[in-house]
Amino acid sequence: MAAAHRARIEELLPDRRRWIARGYDYKTAELMAWRRRVSPGARRGDASARAELAMVKEEQSRLVAEKKRKLASLDTEPSLIEPGPAAMLAHALVVPTDDPDERQRHDAEVEAIAMRLARAHEEAAGAAVRDPFGRLLAKARGSVVISRSEIVSGAEEVKATTIHGHCFGILMRDEVLASTGRVPRPLMDFEQRFLLEDLRGDGFGTIHKKRKRLKAFEAAGARLQDEQPGWPTDATDKAFQAALLDWLRFHRAMLIGELVPEALRYLRNNPASRHLDKFEHILVDEYQDLNVAEQEVISLLAKDAELTIIGDEDQSIYSFKHAYPEGIEDFHRRHAGTEDETLDMCRRCPTTIVGLANELIGHNNQRTNRVLLPHVGKGQGEVHIVQWPSIAAEAEGLARFIQRRIAEERVQPGRILVLAPRRAFGYAVRDALNAIDVPAHSFFQEQALEGDPKSANESKKQQAFTLLTLSVDPTDATALRCWCGFGSQNLREPAWTRVRELCNQSNRALGDVIADIRDGRVPLPHGGSLRSKLVELQERLQDLGGLIGRDLVDALFPADDPDFGELRELADGLSGDADPKALLNMLRTSITQPELPTDVAYVRVMSLHKSKGLTTDLVVVMGCVEGLVPHVDDSLTQAGKNRTLEEQRRLFYVALTRSRDTLILSSVTNLPRPRAHRLQVRITGRGQNVSTITSRFIDELGPTRPDPVHGARLLEATRAYA
């Protein structure tokens, strides 16, 4: 019995080590990000920054020692199991500790990991995730620590989290993931492209269609508000789910979007779970952003609690994750006894913008016809509608306008938001601003790793990140899959499928099979190019051996290659003795959980989706042309087009209502034909330079909107700065 128990513990030891290490890795990544923020000030001699840097270094040293002790203690567990004489001392029922301090400490550790993992998913969906206590606690660093109880009495008993964070905490605490053999190794966006390439089956469709099926899987199969989440009924959906889970288990990876379906399944099947009666009150903000599966989880958690939801049907903009306005519109029908409270007064926007927003959203049919009321104390505000001859002219003109407003001290850079429907527009204005010494940063998801994995030259950043991942864990199955596929038009899917078959047939680990293929001990039919990639990988990993700090960064991301500029910037502040794992954690956190700060000294450039939840003085919306604003897929049915158009109108409504004072709506009249086709812009005319069509939403702003003008009119007051 003792031998069997010891063997069981030894079998689970690698996964347990990985889970503990991952928790410490997240903490390490946070410290690295903090160190990167304060290092420039410390180098300039700032006393406060130096003090913060010293605190960070001390905490890093403490964390390294603590991690080492925890892992060493774990490693000794099997050796402590020895058979001995059995004696019945007493009958006892062993239950989890009732010590509130111990439970609170354990829950806090799990919650910290859950929040960091879940934030990646929320950011990927376009949400702006912020800690409401973050600013106060950040200001306290280096001086006094402010606890939540000092901010609001009793706040330490309030749990603030995201739906994905809470679901992850449930699954971790009850060891659901561990019992099912799943590993919480999240997939990066570019890694999902290899997953989709490998999923083959009748009816799965193109990559685009498979991506839609993936979103449906993350919504627990409920694509529409009236569908029951949890059980796919379509035969193709069932086959797709089986193939997807098989791929994820083999590659020891997980989609962050799986957390809600897994938690929903667990809660439904365990009605006695302690999680179902844990709360007396549950408050959910932005309820319109939840899909049916997420709503069902909330309903289960609130079965014996008082549930309060807050949301706005006119800000429902996440149909790509199967969240619809009916979720909040019909809430009272699904929950008997609901009391509705209407919040109609707009205390953010000036009266002119409120009027334009009401005119715009009034064109939607699927809504309750609620009218936003202006607050007379906000003033009229300022609205301009402008046109430019090209993207370059638009970017340069808007940059000059912003520069002038800052010079006149009418607005600070950190109070300016530029929203773009495509990165091409956003990058153009960001670069134009920086070129005239107006600091600007862009916040487009995972832009540091964008590229085409089918092109060796266009996937250099992805390859470097994958190489770094493999230098930390040479057996990382997902990273191995990606490395073997880079530079191939089919991502070497047939050859990789044969690799998986070899592993399954021989019941051998992927790392062992890969080594045999690389060294020629096991033949792989038609796998010559894959074997070459494995040989290259071995050589590249040998070159990285022993490198730390800036030497490691320079080897992975050469300073003379501009493509690596952003990755090098993200690695700024890396300590001189940082190993590959520290660099990987730092980059993974920065890329998948980008900070979206509110107190900044630079212009923020981002997508319309990402602006949700933000408020600022000057808002610029670029690229207001048909095909972009709105963007409606021509392949949809007419009903689908109508739904999409209404959601795009809601998205524009969200963009308009970010402003506290000034709003600029901007468009271009001409684009090169190839770029117009690539961006899916509606065009007219022949030749290489074609005309665009101004967004229909501009006309829908109603009769009180200002007349559109040429961009030159907007710049008349800025020519002295041109």
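Residues numbered from 1 in each chain as written. Predicted model: local features only at pLDDT ≥ 70, side-chain atom pairs only at ≥ 80, totals over all residues. Heavy atoms only, no water.

K.L.:
What is the right way to read the overall build of the protein from this model?
P.N.:
When helices and strands are tallied, the protein shows 29 helices and 14 strands. Put simply, the protein has 722 residues, and 50% of those count as buried. Look at the contacts in the protein between residues 6 or more apart in sequence, and 74% of them connect residues 24 or more apart. Accessible surface, the protein: about 34,800 Å² in total, of which carbon and sulfur atoms supply 51%. (Helix = DSSP H or I, 4+ residues; strand = E, 2+ residues; numbered from the N terminus. Buried < 20%, exposed > 50% of the residue type's maximum accessible area, 1.4 Å probe, protein only. Contact = heavy atoms within 4.5 Å. Areas by Shrake-Rupley, 256 points an atom, 1.4 Å probe, with all protein chains shown as cover.)

K.L.:
What is the right way to look at a negative patch on the surface in this model?
P.N.:
A cluster of like negative charges, contributed by E306, E339, D340 and E341, occupies part of the molecular surface. Residue position: E341 is located in the loop between α14 (331-334) and β3 (345-346). Assessed through its relative accessible area of 68%, E341 is described here as exposed. (Patch = residues over 30% accessible without salt bridge, like charges linked within 9 Å, V, L, I, M, F, W, Y side chains within 5 Å. Salt bridge = Lys/Arg side-chain N within 4 Å of Asp/Glu carboxyl O. Lys, Arg positive; Asp, Glu negative; His and termini not counted. Charge placed at Lys NZ, Arg CZ, Asp CG, Glu CD.)

K.L.:
Is there a simple way to think about unusual backbone geometry in this case?
P.N.:
Peptide bonds are, in most cases, trans, and in most cases residues other than glycine have a negative phi. A cis geometry characterises the amide bond from V629 onward to P630, with omega recorded as 10 degrees. In this fold, P630 is placed in the loop between β9 (616-621) and α26 (638-656). Phi angles above zero are rare outside glycine, and E286 is one such case at about 55 degrees. With respect to the helices and strands, E286 occurs in the loop between β1 (281-284) and α12 (292-301). Look at E286 and you get partly exposed, because its relative accessible area is 28%. Even without a glycine there, the phi angle at L491 is positive, about 55 degrees. Looking at where L491 falls in the secondary structure, it is placed in the loop between α19 (477-485) and α20 (493-506).

K.L.:
How should the sheet that holds strand β7 (residues 440-442) be read in this particular structure?
P.N.:
The strands that make up a sheet are held in pairs by hydrogen bonds between backbone atoms, and each pair lies either parallel or antiparallel. Across the sheet, which stays open at both edges, the seven strands sit in the order β7-β8-β6-β9-β10-β5-β14 with parallel pairing between neighbours. Only two strands of the sheet have a single neighbouring strand rather than two, namely β7 and β14 (709-710). Here strand β5 (residues 382-388) runs beside strand β10 (residues 659-668); their pairing, made up of seven bridges, is parallel. Across the sheet, the residue bridging to H384 is I664, located in β10. Along the sheet, α26 makes contact with β6 (416-419), β9 and β10, crossing β10 at roughly 130 degrees. (Pairing = 2+ DSSP bridges. Axes fitted to C-alpha atoms, helices over the stretch in contact; angles between N-to-C directions.)

K.L.:
Looking at this structure, I do not really get helix α6 (residues 163-173). What am I missing?
P.N.:
Residues spaced three or four apart along an α-helix point in a common direction, a consequence of the helix completing one turn every 3.6 residues. Taken across its eleven residues, α6 has eleven buried, putting it largely inside the fold. Among the residues of α6, those classed as buried are I163, H164, G165, H166, C167, F168, G169, I170, L171, M172 and R173. E175, located one to two residues past α6, shows a positive phi value of around 55 degrees.

K.L.:
Help me understand the pattern of salt bridges in this model?
P.N.:
Where charged atoms of side chains with opposite charge meet at close range, the side chains can pair. Here the structure, examined in full by the defined rule, presents 41 salt bridges. When the shortest N-O distance is used, the salt bridge between D237 and R213 registers 2.6 Å. Here D237 is found in helix α10 (residues 235-250), whereas its partner R213 is found in helix α9 (residues 207-218), with 24 residues between them in sequence. The burial state of D237 is the same as that of R213; both residues are buried.

K.L.:
Which parts of the structure should I look at to understand the sheet that holds strand β11 (residues 670-672)?
P.N.:
Here three strands make up an open sheet; going across it, the order is β11-β13-β12 and the pairing antiparallel. Pairing within the sheet leaves two strands with one partner each, and these edge strands are β11 and β12 (683-684).

K.L.:
Please clarify how the pairing of β6 should be interpreted in this entry.
P.N.:
Consecutive residues of a regular strand have side chains that alternate between opposite faces of the sheet. Along β6, one buried face is formed by I416 and V418 and the opposite face, lined by L417 and L419, is buried too. As defined by bridge partners, β6 adjoins β9 across four bridges and the pair is classed as parallel. Looking at the pairing, L419 lines up with V621 of β9. Two strands pair when backbone bridges link them, and β6 and strand β8 (residues 603-606) are joined in this way by three bridges, in the parallel orientation. Looking across to β8, one finds that L419 is bridged to M606.

K.L.:
Would you mind showing me how to read the environment of L636 here?
P.N.:
One can find L636 in the loop between β9 and α26. Residue classification places L636 among the partly exposed positions, given a relative accessible area of 25%. Every residue in contact with L636, bar those within four places of it in the chain, is listed here: K212, K641 and T644.

K.L.:
What is the right way to read the packing of aromatic side chains from this model?
P.N.:
The description of an aromatic ring pair rests on the distance of the ring centres and on the angle between the ring planes. Here the structure, examined in full by the defined rule, presents nine aromatic pairs. Consider the rings of F204 and F240, whose centres lie 5.3 Å apart with planes at 80 degrees: the pair is edge-to-face. Note that F204 is positioned in the loop between α8 (189-198) and α9 and F240 in helix α10, a separation of 36 residues in sequence. Exposure class is identical for F204 and F240. Each is buried. Pairing F443 with Y602 gives two aromatic rings, centres 6.4 Å apart and planes at 25 degrees, and the pair type is stacked. One end of the pair, F443, is in the loop between β7 and α18 (460-472); the other, Y602, is in the loop between α25 (580-592) and β8, with 159 residues separating them in the sequence. Here F443 matches Y602 in class, with each residue buried. Ring-pair connections join several aromatic residues into one group, and the members of that group are F190, F194, F465 and F486. The cationic tip of K533 hangs over the ring face of W483; the distance from NZ or CZ to the ring centre is 4.4 Å. (Phe/Tyr/Trp six-rings, centres within 6.5 Å; stacked < 30°, edge-to-face > 60°. Lys NZ or Arg CZ within 6 Å of the ring centre and 35° of its normal.)

K.L.:
Could you clarify how one ought to interpret α9 in this entry?
P.N.:
For α9, built from twelve residues, the straight-helix expectation of 16 Å at 1.5 Å per residue is met to within 8% by its first-to-last C-alpha distance of 17 Å. Every buried residue of α9 is accounted for by K210, R213, L214, A216, F217 and E218. In the stretch just after α9, A220 is the one whose phi turns positive, near 60 degrees. (Expected span 1.5 Å × (residues − 1).)

K.L.:
Honestly, the nonpolar core in this entry has me stumped. Any pointers?
P.N.:
As a rule of thumb, soluble globular proteins bury nonpolar side chains together. Core analysis: the largest hydrophobic core is formed by 76 residues, its most contacted members being I402, V418, V621, F652 and L665. Here this core gets seven residues from one element, more than from any other, and that element is α26. Not counting the four nearest positions on each side in its chain, L665 is found in contact with H384, I385, V386, V621, F652, L656, I698 and L701. L470, A477, L510 and L530 belong to the second-largest nonpolar core, a separate cluster that totals 49 residues. (Core = buried A, V, L, I, M, F, W, Y, C linked by side-chain atoms within 4.5 Å.)

K.L.:
Looking at this structure, I do not really get a nonpolar patch on the surface. What am I missing?
P.N.:
A grouping of M345, V371 and L373 is seen on the molecular surface, where their side chains present a nonpolar patch of about 250 Å² in accessible area. Relative to the assigned elements, M345 resides in strand β3.

K.L.:
When you look at the environment of A72 in this model, what are you seeing that I'm missing?
P.N.:
With respect to the helices, strands and loops of the structure, A72 is situated in helix α2 (residues 47-75). For A72, a relative accessible area of 39% gives the class partly exposed. When the C-alpha positions of A72 and R17 are compared, they lie 9.8 Å apart, and in sequence the two are 55 residues distant.

K.L.:
I keep staring at the packing of α6 against α12 and nothing clicks. Help me out?
P.N.:
Two quantities define a packed helix pair, namely the angle between the helix axes and the distance between the axes. Orientation of α6 relative to α12, taken along the N-to-C sense of each, is 60 degrees, at an axis distance of 11 Å. One way to sum up the angle between α6 and α12 is to call them oblique. Here the hand of the crossing between α6 and α12 comes out left-handed. Residues I163, H164, H166, C167 and I170 of α6 form the contact with α12, whose own contacting residues are E294, V297, I298 and L301. When grouped by side-chain class, the residues that make up the contact of α6 with α12 number six nonpolar, two polar and one charged. (Parallel < 35°, antiparallel > 145°, perpendicular 65-115°, else oblique. Left-handed = near helix turned anticlockwise from the far one by under 90°. Nonpolar A, V, L, I, M, F, W, Y, C, P; charged D, E, K, R; others polar.)

These results come straight from atomic positions and should not be treated as a statement about function.
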